[in-house]
Amino acid sequence: MAHSQGVGKVLLTGTVSDSHTWNLVFLELFVEELGHPVVNLGPCVPDDLLVRRCRIEAPDLVVVSSVNGHGYVDGLSAVTRLRAEPELAGVPMVIGGKLGLDGRDDADRAARLRAAGFDAVFDDGDLLAFQRFLADLPAGASTMVGRPA
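Residues numbered from 1 in each chain as written. Predicted model: local features only at pLDDT ≥ 70, side-chain atom pairs only at ≥ 80, totals over all residues. Heavy atoms only, no water.

With that settled, consider the packing of helix H1 (residues 22-33) against helix H5 (residues 127-136). One way to put it is that H1 packs onto H5 with a least axis distance of 12 Å and a crossing angle of 45°. The angle between H1 and H5 falls in the class oblique. Relative to H5, H1 is oriented so that their crossing is right-handed. Within the contact between the two elements, H1 uses Phe 26, Leu 27, Phe 30 and Val 31 and H5 uses Leu 127, Phe 130, Gln 131 and Leu 134. Across the contact of H1 with H5, the residue classes tally to seven nonpolar, one polar and no charged. (Axes fitted to C-alpha atoms, helices over the stretch in contact; angles between N-to-C directions. Helix = DSSP H or I, 4+ residues; strand = E, 2+ residues; numbered from the N terminus. Parallel < 35°, antiparallel > 145°, perpendicular 65-115°, else oblique. Left-handed = near helix turned anticlockwise from the far one by under 90°. Contact = heavy atoms within 4.5 Å. Nonpolar A, V, L, I, M, F, W, Y, C, P; charged D, E, K, R; others polar.)

Spelled out as structure tokens, the structure:
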């Protein structure tokens, strides 16, 4: 697999209600194979913990993964909380996996997630699109306070 040139450190997290771990392990290995260091917060991550760890880790990208079908609701909460923090508002953030319980891709749902602050939405885990996103994201894309531009 070709290595991606874009983003540096990736912070990977499950949603607050999602206890699944295999998706997070798979994504961690996938992103590391592309040449990016990964901090995996694991499953059931509350929004406040996500914000706190983003401050500590200073990631270049936050990846939210959901398998339980509550990704839309939980993702809206997480992105709203992260975007409310001025020093974290510019950190690129994406979500993917099973985002709804109805078993179908929903363009309106994806648009609402992007409007709330996600830079990309990968409904049902489109890995090729995610890989392209990683490659196209400029290194140091985050605008966190105190980070080099």
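Among the five residues in strand S1 (residues 10-14), five count as buried, and that is most of the element. The pairing of S1 with strand S2 (residues 38-40) spans three bridges and is parallel. Bridge assignment links Leu 11 to a residue of S2, and that residue is Val 39. The parallel pair S1 and S2 is bridged by H1, and the resulting crossover is right-handed. Sheet topology places S1 next to strand S3 (residues 61-66); five bridges connect them, and they run parallel. Bridge pairing links Val 10 to Leu 61 in S3. (Buried < 20%, exposed > 50% of the residue type's maximum accessible area, 1.4 Å probe, protein only. Pairing = 2+ DSSP bridges. Right-handed = clockwise from strand over helix to strand, strands pointing away.)

Before going further, it helps to examine the packing of aromatic side chains. As enumerated under the stated definition, the model contains four aromatic pairs in all. With centroids separated by 5.6 Å and ring planes inclined at 70°, the aromatic side chains of Phe 122 and Phe 130 adopt a geometry described as edge-to-face. Since its relative accessible area comes to 10%, Phe 122 is described here as buried. Clustering of aromatic rings is evident, with ring pairs tying together Phe 26, Phe 30, Phe 122, Phe 130 and Phe 133. (Phe/Tyr/Trp six-rings, centres within 6.5 Å; stacked < 30°, edge-to-face > 60°.)

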